[in-house]
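Observations on the three-dimensional arrangement
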Amino acid sequence: MSHLALSQVSLTTTVPAGSDLSLRRSVFKARSVNFSDKSWAAVSTLDLKTKSGQLRNKRIVCMSVQQASAPKVAVSPLELDNATEPPLNIYKPKEPYTATIVSVERIVGPKAPGETCHIVIDHGGNVPYWEGQSYGVIPPGENPKKPGAPHNVRLYSIASTRYGDYFDGKTTSLCVRRAVYYDPETGKEDPSKNGVCSNYLCNSKPGDKIKITGPAGKIMLLPENNPNATHIMIATGTGVAPYRGYLRRMFMEDVPTFKFGGLAWLFLGVANTDSLLYDEEFRKYLKDYPDNFRYDIALSREQKNKRGGKMYVQDKIEEYSDEIFKLLDGGAHIYFCGLKGMMPGIQETLKRVAEERGESWEEKLSQLKKNKQWHVEVY
(Lines give C-alpha, C1' and ligand atoms only; values in the text may rest on other atoms or scores of the structure.)
Protein backbone atom coordinates (compact mmCIF):
# COMPACT_ATOMS: atom_id res chain seq x y z
CA MET A 1 0.00 0.00 0.00
CA SER A 2 1.42 3.35 -1.03
CA HIS A 3 1.54 6.36 1.24
CA LEU A 4 -0.66 9.34 0.51
CA ALA A 5 0.48 12.14 -1.85
CA LEU A 6 -0.43 15.59 -0.64
CA SER A 7 1.16 19.02 -0.45
CA GLN A 8 1.13 21.80 2.15
CA VAL A 9 -2.21 23.54 2.62
CA SER A 10 -3.44 26.08 5.11
CA LEU A 11 -7.02 26.99 5.88
CA THR A 12 -7.77 30.59 6.77
CA THR A 13 -10.91 32.45 7.71
CA THR A 14 -11.86 36.07 8.03
CA VAL A 15 -12.41 36.64 11.75
CA PRO A 16 -13.30 40.02 13.25
CA ALA A 17 -10.61 41.56 15.47
CA GLY A 18 -11.07 40.52 19.06
CA SER A 19 -13.23 37.56 18.14
CA ASP A 20 -12.76 34.47 20.28
CA LEU A 21 -13.71 32.18 17.39
CA SER A 22 -11.06 29.57 16.84
CA LEU A 23 -10.70 26.39 14.86
CA ARG A 24 -10.57 23.35 17.07
CA ARG A 25 -7.77 21.10 15.91
CA SER A 26 -6.80 17.59 16.83
CA VAL A 27 -4.61 14.91 15.36
CA PHE A 28 -6.67 12.33 13.53
CA LYS A 29 -6.28 9.16 11.57
CA ALA A 30 -6.87 9.54 7.86
CA ARG A 31 -10.45 8.31 8.01
CA SER A 32 -11.62 10.23 11.07
CA VAL A 33 -13.61 13.03 9.42
CA ASN A 34 -16.82 11.99 11.13
CA PHE A 35 -19.98 13.57 9.72
CA SER A 36 -22.12 12.12 12.50
CA ASP A 37 -20.01 14.07 15.00
CA LYS A 38 -20.44 17.86 15.03
CA SER A 39 -16.79 18.42 15.89
CA TRP A 40 -15.04 16.95 12.86
CA ALA A 41 -12.46 19.71 12.55
CA ALA A 42 -9.10 18.00 12.33
CA VAL A 43 -5.45 18.13 11.40
CA SER A 44 -3.39 15.29 10.00
CA THR A 45 0.11 14.73 8.72
CA LEU A 46 0.33 12.15 5.94
CA ASP A 47 3.36 11.01 4.00
CA LEU A 48 3.70 10.16 0.35
CA LYS A 49 6.33 9.29 -2.16
CA THR A 50 6.57 11.80 -4.97
CA LYS A 51 7.48 10.90 -8.53
CA SER A 52 11.13 11.35 -7.59
CA GLY A 53 10.72 8.81 -4.80
CA GLN A 54 11.15 11.37 -2.03
CA LEU A 55 8.71 11.55 0.82
CA ARG A 56 6.71 14.65 1.44
CA ASN A 57 3.94 15.32 3.91
CA LYS A 58 0.98 17.58 4.40
CA ARG A 59 -0.92 18.97 7.32
CA ILE A 60 -4.62 18.65 6.61
CA VAL A 61 -6.92 21.15 8.26
CA CYS A 62 -10.65 20.62 8.02
CA MET A 63 -13.25 23.20 9.04
CA SER A 64 -15.64 22.23 11.78
CA VAL A 65 -19.23 21.84 10.62
CA GLN A 66 -20.22 23.98 13.60
CA GLN A 67 -18.15 26.88 12.26
CA ALA A 68 -18.60 26.25 8.56
CA SER A 69 -20.64 29.20 7.42
CA ALA A 70 -19.72 32.30 9.38
CA PRO A 71 -17.03 33.31 8.71
CA LYS A 72 -16.56 31.62 5.37
CA VAL A 73 -13.50 29.59 4.45
CA ALA A 74 -10.78 30.91 2.17
CA VAL A 75 -10.14 28.64 -0.82
CA SER A 76 -7.28 28.22 -3.27
CA PRO A 77 -6.09 28.27 -5.95
CA LEU A 78 -8.61 30.87 -7.12
CA GLU A 79 -7.53 30.15 -10.70
CA LEU A 80 -10.01 27.28 -10.55
CA ASP A 81 -12.71 29.91 -11.00
CA ASN A 82 -11.09 31.53 -14.05
CA ALA A 83 -12.22 29.01 -16.69
CA THR A 84 -15.26 29.91 -18.76
CA GLU A 85 -16.01 26.31 -19.76
CA PRO A 86 -16.12 23.23 -17.51
CA PRO A 87 -13.33 20.65 -17.76
CA LEU A 88 -14.52 17.53 -19.59
CA ASN A 89 -13.02 14.04 -19.96
CA ILE A 90 -9.46 14.99 -19.15
CA TYR A 91 -8.83 11.33 -18.40
CA LYS A 92 -10.50 8.57 -20.39
CA PRO A 93 -11.08 4.86 -19.62
CA LYS A 94 -8.08 3.69 -21.66
CA GLU A 95 -5.78 6.13 -19.87
CA PRO A 96 -7.24 6.80 -16.41
CA TYR A 97 -5.62 8.89 -13.71
CA THR A 98 -4.22 7.08 -10.67
CA ALA A 99 -5.41 8.92 -7.58
CA THR A 100 -5.10 8.12 -3.88
CA ILE A 101 -7.72 7.41 -1.24
CA VAL A 102 -7.52 9.93 1.61
CA SER A 103 -10.36 8.68 3.80
CA VAL A 104 -13.45 6.48 3.88
CA GLU A 105 -16.13 7.33 6.42
CA ARG A 106 -19.49 5.69 7.11
CA ILE A 107 -21.98 8.56 7.32
CA VAL A 108 -25.25 6.85 8.24
CA GLY A 109 -26.50 5.68 11.61
CA PRO A 110 -26.89 2.08 12.83
CA LYS A 111 -30.59 1.91 11.90
CA ALA A 112 -30.06 2.92 8.27
CA PRO A 113 -30.92 0.16 5.78
CA GLY A 114 -27.54 -0.28 4.15
CA GLU A 115 -24.22 1.51 4.37
CA THR A 116 -23.28 4.82 2.76
CA CYS A 117 -19.74 6.16 2.81
CA HIS A 118 -18.14 9.55 2.23
CA ILE A 119 -14.91 8.96 0.33
CA VAL A 120 -12.24 11.62 -0.13
CA ILE A 121 -9.81 11.13 -3.02
CA ASP A 122 -6.58 13.03 -3.66
CA HIS A 123 -6.09 13.88 -7.34
CA GLY A 124 -3.23 16.29 -6.73
CA GLY A 125 -5.00 19.05 -8.65
CA ASN A 126 -4.63 17.07 -11.87
CA VAL A 127 -8.31 16.22 -12.43
CA PRO A 128 -10.15 19.52 -11.87
CA TYR A 129 -13.95 19.57 -12.01
CA TRP A 130 -16.95 21.80 -11.43
CA GLU A 131 -19.83 21.34 -9.03
CA GLY A 132 -22.44 18.99 -10.50
CA GLN A 133 -19.99 16.86 -12.51
CA SER A 134 -19.11 13.19 -12.06
CA TYR A 135 -15.96 11.11 -11.84
CA GLY A 136 -15.64 7.67 -13.38
CA VAL A 137 -14.11 4.91 -11.27
CA ILE A 138 -12.55 1.73 -12.67
CA PRO A 139 -12.47 -1.00 -10.01
CA PRO A 140 -9.53 -3.40 -10.10
CA GLY A 141 -9.88 -6.84 -11.59
CA GLU A 142 -11.18 -8.39 -14.78
CA ASN A 143 -14.50 -7.75 -16.46
CA PRO A 144 -16.40 -11.08 -16.13
CA LYS A 145 -18.22 -10.39 -19.41
CA LYS A 146 -14.98 -9.57 -21.27
CA PRO A 147 -12.18 -11.84 -20.03
CA GLY A 148 -8.84 -10.07 -20.08
CA ALA A 149 -10.43 -6.60 -20.16
CA PRO A 150 -10.79 -4.23 -17.20
CA HIS A 151 -14.12 -3.50 -15.55
CA ASN A 152 -16.37 -0.89 -17.09
CA VAL A 153 -16.29 2.65 -15.72
CA ARG A 154 -18.84 3.46 -13.01
CA LEU A 155 -19.88 7.10 -12.73
CA TYR A 156 -20.32 8.79 -9.35
CA SER A 157 -21.66 12.29 -8.76
CA ILE A 158 -19.08 14.46 -7.03
CA ALA A 159 -20.06 15.52 -3.51
CA SER A 160 -17.65 18.43 -3.06
CA THR A 161 -16.89 21.78 -4.62
CA ARG A 162 -14.00 22.23 -7.06
CA TYR A 163 -11.85 23.11 -4.06
CA GLY A 164 -12.54 19.81 -2.29
CA ASP A 165 -13.13 19.10 1.39
CA TYR A 166 -9.76 20.60 2.30
CA PHE A 167 -10.31 23.76 0.25
CA ASP A 168 -7.05 23.43 -1.70
CA GLY A 169 -8.28 22.16 -5.07
CA LYS A 170 -6.51 18.81 -4.71
CA THR A 171 -9.23 16.43 -3.55
CA THR A 172 -12.69 15.31 -4.55
CA SER A 173 -15.35 13.54 -2.52
CA LEU A 174 -17.82 10.83 -3.48
CA CYS A 175 -20.96 9.69 -1.66
CA VAL A 176 -21.30 5.94 -2.21
CA ARG A 177 -23.88 3.46 -1.02
CA ARG A 178 -22.61 -0.09 -0.75
CA ALA A 179 -24.64 -2.27 -3.15
CA VAL A 180 -25.42 -5.58 -1.46
CA TYR A 181 -27.54 -8.35 -3.00
CA TYR A 182 -29.76 -10.57 -0.86
CA ASP A 183 -31.23 -13.76 -2.25
CA PRO A 184 -35.03 -13.33 -2.24
CA GLU A 185 -35.59 -16.98 -1.27
CA THR A 186 -33.01 -17.41 1.49
CA GLY A 187 -32.75 -13.78 2.56
CA LYS A 188 -28.99 -14.22 2.78
CA GLU A 189 -26.36 -12.02 1.19
CA ASP A 190 -24.85 -13.31 -2.05
CA PRO A 191 -21.38 -11.68 -2.32
CA SER A 192 -21.02 -12.89 -5.90
CA LYS A 193 -23.80 -10.48 -6.92
CA ASN A 194 -22.78 -7.49 -4.82
CA GLY A 195 -21.93 -4.24 -6.56
CA VAL A 196 -18.29 -4.49 -7.66
CA CYS A 197 -17.37 -0.82 -7.61
CA SER A 198 -19.38 0.37 -4.60
CA ASN A 199 -17.94 -2.39 -2.42
CA TYR A 200 -14.44 -1.68 -3.72
CA LEU A 201 -14.81 1.98 -2.77
CA CYS A 202 -16.40 1.37 0.63
CA ASN A 203 -13.74 -1.24 1.47
CA SER A 204 -10.81 0.95 0.38
CA LYS A 205 -8.26 2.28 2.86
CA PRO A 206 -6.28 5.52 3.11
CA GLY A 207 -3.29 5.32 0.76
CA ASP A 208 -4.94 2.89 -1.66
CA LYS A 209 -4.59 3.77 -5.32
CA ILE A 210 -7.69 4.28 -7.44
CA LYS A 211 -8.16 4.71 -11.19
CA ILE A 212 -10.46 7.59 -12.11
CA THR A 213 -11.72 9.14 -15.33
CA GLY A 214 -13.47 12.36 -16.22
CA PRO A 215 -14.76 14.71 -15.12
CA ALA A 216 -18.00 14.14 -17.00
CA GLY A 217 -21.35 15.85 -17.36
CA LYS A 218 -22.81 19.29 -18.00
CA ILE A 219 -26.52 18.90 -17.24
CA MET A 220 -26.13 19.35 -13.46
CA LEU A 221 -23.71 22.28 -13.55
CA LEU A 222 -24.73 25.08 -11.20
CA PRO A 223 -25.69 28.15 -13.27
CA GLU A 224 -23.86 31.11 -11.73
CA ASN A 225 -24.72 33.89 -14.17
CA ASN A 226 -27.35 35.09 -11.68
CA PRO A 227 -26.11 34.84 -8.05
CA ASN A 228 -29.62 35.73 -6.83
CA ALA A 229 -31.37 32.87 -8.61
CA THR A 230 -33.55 30.23 -6.95
CA HIS A 231 -32.35 26.61 -7.02
CA ILE A 232 -34.80 23.82 -6.08
CA MET A 233 -32.85 20.59 -5.46
CA ILE A 234 -34.61 17.22 -5.22
CA ALA A 235 -32.73 14.08 -4.22
CA THR A 236 -33.18 10.55 -3.01
CA GLY A 237 -30.33 8.99 -1.06
CA THR A 238 -26.86 9.51 -2.51
CA GLY A 239 -28.42 11.72 -5.16
CA VAL A 240 -27.77 14.50 -2.64
CA ALA A 241 -24.08 14.43 -3.65
CA PRO A 242 -24.04 17.30 -6.19
CA TYR A 243 -26.18 19.45 -3.92
CA ARG A 244 -23.64 19.17 -1.12
CA GLY A 245 -21.16 20.70 -3.57
CA TYR A 246 -23.58 23.48 -4.53
CA LEU A 247 -24.34 24.34 -0.92
CA ARG A 248 -20.73 24.38 0.23
CA ARG A 249 -19.98 26.77 -2.61
CA MET A 250 -22.96 28.96 -1.71
CA PHE A 251 -22.63 29.00 2.07
CA MET A 252 -19.27 27.64 3.26
CA GLU A 253 -16.60 28.89 0.88
CA ASP A 254 -15.37 32.44 0.37
CA VAL A 255 -15.25 32.59 -3.43
CA PRO A 256 -14.58 36.18 -4.61
CA THR A 257 -16.30 35.64 -7.97
CA PHE A 258 -19.47 34.02 -6.57
CA LYS A 259 -21.49 35.66 -3.82
CA PHE A 260 -24.77 33.80 -3.51
CA GLY A 261 -27.78 35.89 -2.54
CA GLY A 262 -30.65 33.80 -3.88
CA LEU A 263 -32.63 30.86 -2.50
CA ALA A 264 -31.46 27.25 -2.31
CA TRP A 265 -34.23 24.79 -1.41
CA LEU A 266 -33.29 21.16 -0.78
CA PHE A 267 -35.75 18.26 -0.72
CA LEU A 268 -34.16 15.01 0.45
CA GLY A 269 -35.89 11.63 0.56
CA VAL A 270 -34.41 8.74 2.57
CA ALA A 271 -35.73 5.77 4.56
CA ASN A 272 -35.34 7.06 8.11
CA THR A 273 -33.54 9.56 10.33
CA ASP A 274 -30.41 7.40 10.49
CA SER A 275 -30.24 7.50 6.69
CA LEU A 276 -29.96 11.28 6.43
CA LEU A 277 -26.78 12.37 4.67
CA TYR A 278 -24.77 15.49 5.58
CA ASP A 279 -27.64 16.55 7.83
CA GLU A 280 -25.33 18.44 10.21
CA GLU A 281 -24.00 20.58 7.39
CA PHE A 282 -27.45 21.35 5.99
CA ARG A 283 -28.91 22.28 9.35
CA LYS A 284 -25.97 24.60 9.97
CA TYR A 285 -26.77 26.47 6.75
CA LEU A 286 -30.43 26.57 7.78
CA LYS A 287 -29.45 28.23 11.04
CA ASP A 288 -27.00 30.74 9.57
CA TYR A 289 -28.76 31.54 6.29
CA PRO A 290 -32.51 31.29 7.03
CA ASP A 291 -33.37 33.71 4.22
CA ASN A 292 -31.34 31.84 1.63
CA PHE A 293 -31.74 28.15 2.46
CA ARG A 294 -34.70 25.83 3.00
CA TYR A 295 -34.44 22.14 3.83
CA ASP A 296 -37.28 19.60 3.74
CA ILE A 297 -36.90 15.87 4.30
CA ALA A 298 -39.12 12.89 3.48
CA LEU A 299 -38.60 9.83 5.69
CA SER A 300 -40.48 6.97 4.05
CA ARG A 301 -40.32 4.63 7.06
CA GLU A 302 -41.10 7.24 9.70
CA GLN A 303 -43.50 9.76 8.15
CA LYS A 304 -46.92 9.54 6.53
CA ASN A 305 -48.19 11.57 3.60
CA LYS A 306 -51.60 13.28 3.59
CA ARG A 307 -53.21 10.11 2.25
CA GLY A 308 -51.83 7.99 5.07
CA GLY A 309 -49.18 6.25 2.97
CA LYS A 310 -45.40 6.40 3.21
CA MET A 311 -43.85 9.83 2.81
CA TYR A 312 -41.75 9.96 -0.34
CA VAL A 313 -39.97 12.97 -1.76
CA GLN A 314 -42.76 13.55 -4.31
CA ASP A 315 -45.25 13.83 -1.45
CA LYS A 316 -43.12 16.52 0.14
CA ILE A 317 -42.97 18.33 -3.21
CA GLU A 318 -46.76 18.16 -3.42
CA GLU A 319 -47.05 19.87 -0.02
CA TYR A 320 -45.26 22.91 -1.43
CA SER A 321 -46.47 22.59 -5.03
CA ASP A 322 -48.06 26.02 -5.33
CA GLU A 323 -44.92 27.73 -4.11
CA ILE A 324 -42.69 25.58 -6.31
CA PHE A 325 -44.73 26.32 -9.43
CA LYS A 326 -44.64 30.04 -8.70
CA LEU A 327 -40.87 29.91 -8.28
CA LEU A 328 -40.53 28.01 -11.56
CA ASP A 329 -42.69 30.61 -13.28
CA GLY A 330 -40.24 33.19 -11.93
CA GLY A 331 -37.24 31.46 -13.47
CA ALA A 332 -36.13 29.05 -10.73
CA HIS A 333 -33.90 26.11 -11.64
CA ILE A 334 -35.06 22.65 -10.54
CA TYR A 335 -32.73 19.65 -10.20
CA PHE A 336 -33.39 15.94 -9.75
CA CYS A 337 -30.70 13.46 -8.76
CA GLY A 338 -30.98 9.91 -7.46
CA LEU A 339 -32.28 6.52 -8.46
CA LYS A 340 -34.07 6.33 -11.81
CA GLY A 341 -37.19 5.05 -10.05
CA MET A 342 -37.76 8.42 -8.38
CA MET A 343 -38.78 10.21 -11.57
CA PRO A 344 -42.12 8.54 -12.49
CA GLY A 345 -43.66 9.37 -9.12
CA ILE A 346 -42.33 12.92 -9.22
CA GLN A 347 -43.52 13.46 -12.79
CA GLU A 348 -46.98 12.13 -11.92
CA THR A 349 -47.18 14.48 -8.95
CA LEU A 350 -46.10 17.51 -10.98
CA LYS A 351 -48.55 16.61 -13.74
CA ARG A 352 -51.42 16.27 -11.27
CA VAL A 353 -50.57 19.60 -9.65
CA ALA A 354 -50.31 21.32 -13.03
CA GLU A 355 -53.73 20.00 -14.05
CA GLU A 356 -55.22 21.19 -10.76
CA ARG A 357 -53.84 24.63 -11.62
CA GLY A 358 -55.41 24.46 -15.08
CA GLU A 359 -52.05 24.09 -16.82
CA SER A 360 -50.66 21.56 -19.26
CA TRP A 361 -47.70 19.80 -17.68
CA GLU A 362 -46.33 18.77 -21.07
CA GLU A 363 -46.24 22.40 -22.23
CA LYS A 364 -44.78 23.58 -18.94
CA LEU A 365 -42.07 20.91 -18.98
CA SER A 366 -41.21 21.78 -22.58
CA GLN A 367 -40.82 25.42 -21.59
CA LEU A 368 -38.68 24.58 -18.56
CA LYS A 369 -36.33 22.54 -20.74
CA LYS A 370 -36.22 25.28 -23.37
CA ASN A 371 -35.29 27.82 -20.69
CA LYS A 372 -32.63 25.44 -19.28
CA GLN A 373 -34.37 25.39 -15.90
CA TRP A 374 -34.81 21.59 -15.84
CA HIS A 375 -31.83 19.46 -14.75
CA VAL A 376 -32.05 15.67 -14.34
CA GLU A 377 -29.38 13.09 -13.51
CA VAL A 378 -30.71 9.69 -12.47
CA TYR A 379 -29.10 6.24 -12.48
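Residues numbered from 1 in each chain as written. Predicted model: local features only at pLDDT ≥ 70, side-chain atom pairs only at ≥ 80, totals over all residues. Heavy atoms only, no water.

Attention shifts here to the overall build of the protein chain. The helix and strand inventory of the protein chain stands at 7 helices and 15 strands. Out of the 379 residues belonging to the protein chain, those deemed buried represent 53%. At a minimum sequence separation of 6, the contacts of the protein chain that also span at least 24 residues come to 72%. (Helix = DSSP H or I, 4+ residues; strand = E, 2+ residues; numbered from the N terminus. Buried < 20%, exposed > 50% of the residue type's maximum accessible area, 1.4 Å probe, protein only. Contact = heavy atoms within 4.5 Å.)

Here helix α1 (residues 196–203) lies mainly inside the structure; 6 of its 8 residues are buried. Buried residues of α1: Cys 197, Ser 198, Asn 199, Tyr 200, Leu 201 and Cys 202, and no others. Summarising the contacts, the buried residues of α1 are in contact with β4 (97–106), β5 (116–122), β6 (134–138), β7 (154–157), β8 (171–177) and β9 (209–216).

When a strand is regular, its side chains alternate between the sheet's two faces. Burial analysis of β9 places 6 of its 8 residues in the buried class, the great majority of the element. Bridge analysis of β6 against β9 gives 4 bridges, and the strand direction is antiparallel. Across the sheet, residue Ser 134 finds its bridge partner in β9, namely Ala 216. (Pairing = 2+ DSSP bridges.)

This part is about the side chain of Thr 171. Residue position: Thr 171 is located in strand β8. A relative accessible area of 0% places Thr 171 in the buried class. In this structure the side chain of Thr 171 is engaged in a polar contact, spanning 3.5 Å, whose partner is the backbone nitrogen of Asp 165. Look past the residues within four positions of Thr 171 in its chain and what remains in contact with it is Val 120, Ile 121, Asp 122, His 123, Tyr 129, Gly 164, Asp 165 and Tyr 166. (Polar contact = N/O pair within 3.5 Å; in protein donor to acceptor, adjacent residues only side chain to side chain.)

On to the pattern of salt bridges, then. Close approach of charged atoms lets side chains of opposite charge pair. Per the counting criterion, the structure on display carries 26 salt bridges. Here Lys 306 ties to Glu 318 by a salt bridge, and the two come within 3.6 Å at their closest N and O atoms. On the criterion of sequence distance, the pair formed by Lys 306 in the loop between β13 (293–299) and α4 (313–319) and Glu 318 in helix α4 is long-range, its members being 12 residues apart. On the basis of relative accessible area, Lys 306 is assigned to the exposed category, the value being 67%. (Salt bridge = Lys/Arg side-chain N within 4 Å of Asp/Glu carboxyl O.)

Moving on, we get to the sheet that holds β5. A sheet is described by the order of its strands in space; here 6 strands give the open sequence β7-β6-β9-β4-β5-β8, paired in antiparallel fashion. If you trace the sheet from one side to the other, it starts and ends with β7 and β8, each paired once. Taken pair by pair, the neighbouring strands of this sheet meet at an average axis angle of 40°, ignoring direction. For β6 and β7, the ladder comprises 4 bridges, and the chain directions are antiparallel. By the bridge assignment for β7, Ser 134 is matched with Ser 157. (Axes fitted to C-alpha atoms, helices over the stretch in contact; angles between N-to-C directions.)

Our next topic: the sheet that holds strand β14 (residues 333–338). Judged by pairing direction, the sheet is parallel, and its 5 strands sit side by side in the order β13-β12-β10-β14-β15 without closing on themselves. Strands with a single pairing partner mark the edges of an open sheet, and in this sheet they are β13 and β15 (374–378). If you compare each strand with its neighbour and ignore which way they point, the axes differ by 10° on average. Taken together, the 5 bridges between strand β10 (residues 230–236) and β14 define a ladder with parallel strand orientation. When the sheet's bridge partners are listed, Ala 235 is paired in β14 with Cys 337. The strands that helix α2 (residues 241–252) touches are β10, β12 (263–270), β13 and β14; relative to β10, the one it contacts most, it runs at about 145°.

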